[in-house]
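Report on the structure
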Amino acid sequence: MTRHDDGHWETYNARQRDRPVRDLCRRALTLTGPGAGRTAVDLGCGAGRETEALLRAGWRVLAVDRGPALDIPANDLLTVLAAGFEELDGLPPADLVYAGYALPYQTRESFDRLWTVIRSALRPGGRVAVDVFGVHDSWAGDPTGTYLTADEARALADGLTIEHWHEVDAPGPAFSGPKHWHTFELIARRPQ
């Protein structure tokens, strides 16, 4: 089993149900305030931990994953789309697009195309909150992933206001075992 095959993600998602909501999502929710029926997109929703947090905060959520493993009761505020990133031609207008540790798991060509889709979906005042992998990451060089320099990662926010930026370049644990993490956390806001 490789880290990208369906069996890996099924096992990974099954073990994510009890973990806390990721810091990036909590930070984005602090910046955005209550959803009050506004629209959020959770790209790579997996087990749905962040989807649940968005719903609890009053957001209408589109949760997207190739193999969503959400254990959330159906409700009027949740739409689930089973699709890979390469299949997304567009997203609904959104006030928040969140993608925690999901976007790097696609080729650079697919990543660049999806980034255009994400930027096009942001409403005025809308935010994007993402983790992307850097070139020092242990997995860098894998042609099925996307790894950016700091300048490339910052350039994702050209024309947006960066509200949060954090770089990690250090060893740490991963689901598949210890590795060297090189990640950039980015929250950016589209001007009104």
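Look up: the structure comes first, before these words.
With respect to the overall build of the protein
Helix and strand content of the protein: five helices and eight strands. Reading the protein from its N end, one meets helices and strands in the order α-α-β-α-β-β-β-α-β-β-α-β-β. The C-alpha atoms of the protein give 16 Å as radius of gyration, which agrees with the globular expectation for 192 residues (16 Å, within 12%). Overall, the protein is about 40 × 35 × 30 Å in size when its C-alpha atoms are taken along their principal axes.

What about the packing of aromatic side chains?
Across all of its chains, the model carries 10 aromatic pairs by this definition. With centroids separated by 5.5 Å and ring planes inclined at 80°, the aromatic side chains of Y105 and F133 adopt a geometry described as edge-to-face. Remark: F133 occurs in strand β5 (residues 122-134) and Y105 occurs in the loop between β4 (94-99) and α4 (108-121); sequence separation between them is 28 residues. Measuring from centroid to centroid gives 6.1 Å for F133 and W139, while their planes differ by 55°, and the two rings are tilted. Neither residue differs from the other here; F133 and W139 are each classed as buried. Following the ring pairs from residue to residue traces out a cluster consisting of Y101, Y105, F133, W139, Y147 and W181. Positioned above the aromatic ring of W165, the side-chain terminus of R154 is 4.2 Å from the ring centre. The ring of F133 carries the charged tip of K179 above its face, separated from the ring centre by 5.3 Å.

Digging into the pattern of salt bridges
What the rule picks out here adds up to 10 salt bridges. A salt bridge links E185 to R27, with the shortest nitrogen-to-oxygen separation between them at 3.7 Å. Taken as a pair, E185 in strand β8 (residues 179-189) and R27 in helix α2 (residues 23-32) lie far apart in primary sequence, 158 residues in all. For E185, a relative accessible area of 12% translates into the label buried. Residue E163 pairs with R127 through a salt bridge whose shortest N-O separation is 2.5 Å. One end of the pair, E163, is in strand β7 (residues 161-172); the other, R127, is in strand β5, with 36 residues separating them in the sequence. A network of salt bridges, in which partner residues are shared, links R66, E86 and E87.

A closer look at the side chain of T39
Structurally, T39 can be placed in strand β1 (residues 39-43). T39 has contacts with W59, R60, P93, A94, D95, L96 and R123, leaving out every residue within four places of it along the chain.

Describing the nonpolar core
L43, L91, L103, I118 and V128 are the most contacted members of the largest nonpolar core, which has 31 residues in total. Mapped by element, the contributors of at least two residues to this core are β1, β2 (60-65), β4, α4, β5 and β8. Top contributing element to this core by residue count: α4, with six residues. Every residue in contact with V128, bar those within four places of it in the chain, is listed here: V97, W115, I118, L122, L160, L186, I187 and A188.

Here's the deal with the pairing of β4
Most of β4 sits inside the fold, with six of its six residues counted as buried. Inspection of the sheet shows β1 paired to β4 by three bridges, in the parallel sense. The residue of β4 that forms the bridge with A40 is L96. Where β4 lies against β5, five bridges are found, and the strand directions are parallel. Pairing of Y98 across the sheet is with A129, part of β5. Chirality of the crossover, the property in question, places the unit of β4, α4 and β5 among those that are right-handed.

What counts and what doesn't
Residues numbered from 1 in each chain as written. Predicted model: local features only at pLDDT ≥ 70, side-chain atom pairs only at ≥ 80, totals over all residues. Heavy atoms only, no water. Helix = DSSP H or I, 4+ residues; strand = E, 2+ residues; numbered from the N terminus. Rg over C-alpha atoms; globule rule 2.2 N^0.38 Å. Phe/Tyr/Trp six-rings, centres within 6.5 Å; stacked < 30°, edge-to-face > 60°. Buried < 20%, exposed > 50% of the residue type's maximum accessible area, 1.4 Å probe, protein only. Lys NZ or Arg CZ within 6 Å of the ring centre and 35° of its normal. Salt bridge = Lys/Arg side-chain N within 4 Å of Asp/Glu carboxyl O. Contact = heavy atoms within 4.5 Å. Core = buried A, V, L, I, M, F, W, Y, C linked by side-chain atoms within 4.5 Å. Pairing = 2+ DSSP bridges. Right-handed = clockwise from strand over helix to strand, strands pointing away.

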